[in-house]
Amino acid sequence: MKGFLHSIETMGLVDGPGTRTVFFLQGCPLRCAYCHNPDTLKRVGGQEVTPQRILEIANRYRPYYGEEGGVTFSGGEPLLQGEFVYECLKLLKHEGYNTCVDTSGFGNPVFYSKILPLVDTLILDVKAFDRESFRNLTTIDGFDSYVNFIANLDLWGFNGQIWIRHVMVPGQTDNEESMRRLVEIIKPVSHRVDRIEILPYHTSGVQKYSQLGIPYRLEGVEPMNKDKAKEFEVVANKLFSESLHQERKANELRKQEKLKLFRDKEIASKEERTDVFANLRKLPLLSDVDETDLDEVLNGVILLNIKAGEFIFRTGDPPDFMYLIYKGQMKIFYNTIDGEEQIFYIYRDGDFVGGLNLLVATPYRYIGQALTDCKVVAIPKAIFDKFFYHSPAVLRSVLAKSFERIRWAEELIQRLATSNASMKTAALLLKLVKLIGVETEEGIRLELSMNRGELGNYSGLRRETITRKLGEFKELGFIELVGNKVIVIKDLEALEGYVL
Ligand code: SF4
């Protein structure tokens, strides 16, 4: 594995926290009018290096990094050499280095979910604030893709801090309205933003253009006054802090509304509550709770009646509650960029969701919707923090659940990538057998809470395909279809044969 390196700065003080070694990589799909490194734009060229070599160089300068410093990948657009950057970050993280990536968000998306969890600081360059200015500045029609990149950072597993950077060109974004729009654009990641920096446009790279024989598109534009840029930086940071404040207030309001909504759905019957409480006490989740605290825990949780089709949580919901499904079925899904629903999990009696969100304080990534009428126990954060946060039984349960989810996600990825429609349908049926199968004299009975479309979304198939495949399996005598809501598995071995 080799990457293309343009140059190295060994004692960088501006590209990330502390003192850093900055590796400038080759290649960038954008053509920013003010780019002062036009010689980095070609994907190949420069010096070929291995990830091991990057580690050796970092090792050499490690004594200078101190507590905060480390290694930065810049460019060009470092995410364009996704595989190389991933291999480097793996090695560096293994050795305990602090990492930083300076990006405009135009790399190889295949590697985002591998790279981003390994990045401590992301320097996010915000080029422009609408489609047209973005195109004019970069020559690329990429504004929507950029906005998507920002919106999905959490989903790809990014867990670090963000430094926002914007190069200010006189006559273009040197006004308060632009600073307002900048703050608006970074809202989806505001919980990660540590600072906003406004960099004054300068002309120090102009000579390179004539050397390379490329026309310079900002010919005649004067450099941005540094003090003016600093003033706008203050404005942007003030607006950002105001927006954070408003967001916090809105979150608090949302929390209160949710609580009110929950109170409206609360199970009122005393007998039912006593019955649920008696059963909750038997759950492993509560096994570490001291007998004397049990009443406080049970009084603090909210027992909910949720109707089929109602939402329990949505993407972006703050981690205010953990949910335990006492009875019923809930689907956890995500709406893809194409507007398709991708179902990840189906949860039922005894399953819980949100434990990890509360432990690591991250918003919900997916949507939880009741497939059937459900009884759900909502555990508020305050109760979770007081009684569950330090409980080994809870940590074990959350870990076990996370592991189960990783396995399921891996299986899903493998199935989507390598299986044909028959294999996917058989795998889906086998999964449902494990989840909801009931042995009967006629075979294993699956009482479905999902329609054909949802079954398709769960298995990566279109509604028509899953309907056709189920019909074929029926003709082969593997299954029996009883109306739209019941499938009876007649030949389990035959189905298993497809996925072995
Ligand atoms: S993103 Fe950076 S490297 Fe790429 S063209 Fe723009 S300024 Fe140059």
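So, how was this worked out
- Residues numbered from 1 in each chain as written.
- Predicted model: local features only at pLDDT ≥ 70, side-chain atom pairs only at ≥ 80, totals over all residues.
- Heavy atoms only, no water.
- Near = heavy atom within 4 Å.
- Nonpolar A, V, L, I, M, F, W, Y, C, P; charged D, E, K, R; others polar.
- Pairing = 2+ DSSP bridges.
- Helix = DSSP H or I, 4+ residues; strand = E, 2+ residues; numbered from the N terminus.
- Contact = heavy atoms within 4.5 Å.
- Core = buried A, V, L, I, M, F, W, Y, C linked by side-chain atoms within 4.5 Å.
- Buried < 20%, exposed > 50% of the residue type's maximum accessible area, 1.4 Å probe, protein only.
- Axes fitted to C-alpha atoms, helices over the stretch in contact; angles between N-to-C directions.
- Salt bridge = Lys/Arg side-chain N within 4 Å of Asp/Glu carboxyl O.
- Phe/Tyr/Trp six-rings, centres within 6.5 Å; stacked < 30°, edge-to-face > 60°.
- Lys NZ or Arg CZ within 6 Å of the ring centre and 35° of its normal.

Student: Talk me through the site of the ligand; I want residue IDs and the actual numbers.
Tutor: In the vicinity of the ligand, the contacting residues are Cys28, Leu30, Cys32, Cys35, Leu41, Gly76, Ser104 and Lys127. Considering only residue class, the shell around the ligand consists of five nonpolar, two polar and one charged.

Student: Help me get a handle on the pairing of strand E1 (residues 3–12), residues and values and all.
Tutor: By the bridge criterion, three bridges tie E1 to strand E3 (residues 47–49) in an arrangement that is antiparallel. Its bridge partner lying in E3, Phe4 is registered against Glu48. Direction of pairing for E1 relative to strand E2 (residues 20–25): antiparallel, over a ladder of five bridges. Bridged to Ile8 within E2 is Phe23.

Student: How would you summarise the side chain of Asp320 if you had to cite specific residues and measurements?
Tutor: Of note, Asp320 is situated in the loop between strand E10 (311–313) and strand E11 (321–327). Excluding residues that lie within four positions of it along the chain, Asp320 makes contacts with Lys255, Leu358, Ile379, Pro380 and Lys381.

Student: Quick rundown of the nonpolar core? Include the residues and the values.
Tutor: Counting residues in each nonpolar core, the largest one holds 72 residues, and the members touching the most others are Phe73 and Ile196. Not counting chain neighbours up to four residues away, the residues in contact with Phe73 comprise Phe23, Leu25, Ile54, Pro78, Cys88, Leu89, Leu92, Cys100, Val101 and Asp102.

Student: Help me get a handle on the sheet that holds strand E8 (residues 193–200), residues and values and all.
Tutor: Ordered by their spatial adjacency, eight strands build an open sheet running E3-E1-E2-E4-E5-E6-E7-E8, and the pairing between neighbours is mixed. A strand with exactly one partner marks an edge of an open sheet, and here the two such strands are E3 and E8. Each adjacent strand pair in this sheet contributes to an overall mean axis angle of 30°, direction not counted. Here strand E5 (residues 98–103) pairs with strand E6 (residues 121–125) via four bridges, running parallel. Among the inter-strand pairings, Asp102 is bridged to a residue of E6, identified as Ile123.

Student: Would you mind going over the pattern of salt bridges in detail, with residue names and values included?
Tutor: Scanning all chains against the criterion turns up 31 salt bridges. Measuring nitrogen to oxygen at the nearest pair gives 3.6 Å for the salt bridge that ties Glu266 to Arg273. By relative accessible area, which is 17% here, Arg273 ends up buried. A salt bridge links Arg445 to Glu447; the shortest N-O distance between them is 3.0 Å. On the accessibility criterion, Glu447 (44% relative accessible area) is partly exposed. The structure contains a network of salt bridges with shared partners spanning Asp15, Arg165, Asp194, Arg195 and Glu197.

Student: Can you lay out the packing of aromatic side chains for me, pointing to particular residues and giving the numbers?
Tutor: Two numbers describe a pair of aromatic rings. These are the distance of the centres and the angle of the planes. Within this structure, the stated rule accounts for 25 aromatic pairs. Judged by centre distance (6.4 Å) and plane angle (5°), the ring pair of Phe106 and Tyr146 falls under stacked. With Phe106 in the loop between E5 and helix H3 (112–115) and Tyr146 in helix H5 (residues 143–151), the pair connects residues that are 40 residues apart, well separated along the chain. Since its relative accessible area comes to 11%, Phe106 is described here as buried. Plain terms: the ring middles of Phe473 and Tyr498 are 5.3 Å apart, the flat faces sit at 45° to each other, and that makes the pair tilted. Of the two residues, Phe473 is situated in helix H16 (residues 463–475) and Tyr498 in helix H17 (residues 492–499); the sequence distance between them amounts to 25 residues. Cation over ring: Arg314 sits above Phe311, and NZ or CZ is 4.0 Å from the ring centre. If you follow Lys331 out to its NZ or CZ, it ends over the ring of Phe333, 4.9 Å from the centre.

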